[in-house]
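# What the coordinates show
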Amino acid sequence: MSNLNYYICGLLMRMRKGTAVVFFFIGLQAGVAQIHEIGIFLGGSNFIGDVGRTNYIYPNKLAVGGIYKWNKSKRYAYRASLTYSKLEADDADSGSSAREGRGYTFSNRVLEGSLGMEFHFWEYDLHTLYKPFTPYIYGGVSAFNYRPHYLDRNIDRLIAGKDRRTSFAFPFGLGVKGEVLPNLILGAEVIARYTLVNDIDGSDPKKGPEGLYREFGNFNSNDWYVFSGITITYTFGKRPCTYCYD
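Residues numbered from 1 in each chain as written. Predicted model: local features only at pLDDT ≥ 70, side-chain atom pairs only at ≥ 80, totals over all residues. Heavy atoms only, no water.

### Some remarks on the overall build of the chain
- In terms of regular secondary structure, the chain is built from 2 helices and 10 strands.
- If you list the helices and strands of the chain from N to C, you get α-β-β-β-α-β-β-β-β-β-β-β.
- For the chain, the proportion of its 246 residues judged to be buried stands at 39%.
- Partitioning the intrachain contacts of the chain with sequence separation of at least 6 by distance along the chain shows that 68% fall at a separation of at least 24.
- Just so you have it, the chain exposes about 13,900 Å², and 62% of that area is on carbon and sulfur atoms. (Helix = DSSP H or I, 4+ residues; strand = E, 2+ residues; numbered from the N terminus. Buried < 20%, exposed > 50% of the residue type's maximum accessible area, 1.4 Å probe, protein only. Contact = heavy atoms within 4.5 Å. Areas by Shrake-Rupley, 256 points an atom, 1.4 Å probe, with all protein chains shown as cover.)

See below:
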């Protein structure tokens, strides 16, 4: 009888250990459970360079795009986006007498794909009963397609090149987001892009094709552009097991 009691006690101990392991992995899965967001970006764009205004945030053209987020944890989310806009600047609007006297203007259509990460200031848990809200910072890398411009000294005007090019930029900025309705997230953000080119507006010191020259402005500073606006996303994804009985 004593052997039977010993055997039963051992079996119960092993079952207890096994149950603890199972609950550990369940808790681990709940802790890393993901939820997804997909939606749109709607806002404006502005250019920062050697033509037009020098304001950092002054949207003057419509910017639209699609956005996807993967909330890997409460503190950060992976993000992918595709955005289209027109970058436009006119020296007549610059507020600078030197630029106004020069009178250059340009327009450049840009299509950008971007990958990056949002870092949440506060815990952003879409599985709670309370509406989550948090400011965030964003950083990443972008590839954008544009048409290089050149300064034609014969007519003293900026003109667009024949072929489009693709280059890279580094976006970073700030935003806020929060749940306004079940499964609906509303956000607002300002994301600046530092590009690796200086010919979006034509102010590159190198020679252009067919005798066109693009030699003006600050050769030591590349072009920037900014997208600012709102995001509207729909959330979906499996809820963690610990919330099945809420």
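### Topic: the sheet that holds strand E4 (residues 105-120)
- Pairing is antiparallel around the closed barrel formed by 8 strands, whose spatial order is E1-E2-E3-E4-E5-E8-E9-E10. The mean angle between the axes of side-by-side strands here comes to 25°, regardless of whether they run parallel or antiparallel.
- With 12 bridges joining them, strand E8 (residues 165-181) and strand E9 (residues 184-195) adopt antiparallel strand pairing. Of the residues in E9, the one forming a bridge with Phe-172 is Ala-192. (Pairing = 2+ DSSP bridges. Axes fitted to C-alpha atoms, helices over the stretch in contact; angles between N-to-C directions.)

### Considerations on the pairing of strand E1 (residues 35-48)
- Examined bridge by bridge, E1 and strand E2 (residues 61-71) share 11 bridges and lie antiparallel to one another. The partner of Ser-45 across the bridge, within E2, is Lys-61.
- As defined by bridge partners, E1 adjoins strand E10 (residues 224-236) across 13 bridges and the pair is classed as antiparallel. Paired with Gly-39 across the two strands is Thr-233, which belongs to E10.

### Topic: the pattern of salt bridges
- Evaluation of the coordinates by the stated rule reveals 9 salt bridges.
- Between Arg-79 and Glu-118 there is a salt bridge, with its nearest N and O atoms 2.8 Å apart. One end of the pair, Arg-79, is in strand E3 (residues 76-90); the other, Glu-118, is in strand E4, and 39 residues separate them in sequence.
- Residue Glu-118 is classed as buried on the basis of its relative accessible area of 0%.
- As a salt-bridge pair, Glu-189 and Arg-79 come within 2.7 Å of each other at their nearest N and O atoms. Pair noted here: Glu-189 is in strand E9 and Arg-79 is in strand E3, with a separation of 110 residues, a long-range link. Side by side, Glu-189 and Arg-79 carry an identical accessibility label, which is buried.
- What emerges from the salt-bridge pattern is a single network uniting Lys-69, Arg-79, Glu-118, Lys-177 and Glu-189. (Salt bridge = Lys/Arg side-chain N within 4 Å of Asp/Glu carboxyl O.)

### Notes on the pairing of strand E7 (residues 157-160)
- One ladder, built from 4 bridges, connects strand E6 (residues 149-152) with E7; its direction is antiparallel. Residue pairing in the sheet places Leu-151 in a bridge with Leu-158 of E7.
- Between E6 and E7, which pair antiparallel and follow one another directly, the connecting turn spans 4 residues, one of which, Asp-156, has a positive phi of 55°.

### A look at unusual backbone geometry
- At Asp-156, a position not held by glycine, the phi torsion is positive, near 55°.
- Classification of Asp-156 by relative accessible area gives partly exposed; the value is 39%.
- Backbone geometry at Asn-183 places phi at a positive 70°, although glycine is not the residue there.
- Accessibility expressed as a relative area gives 32% for Asn-183, which makes it partly exposed.

### Notes on the environment of Ala-89
- Inspection of the secondary structure puts Ala-89 in strand E3.
- Since its relative accessible area comes to 6%, Ala-89 is described here as buried.
- Ala-89 sits 37 residues away from Gly-52 along the chain, and the two C-alpha atoms are 4.6 Å apart.
- Beyond its immediate sequence surroundings of up to four residues, Ala-89 is in contact with Phe-47, Val-51, Gly-52, Tyr-104, Thr-105 and Phe-106.

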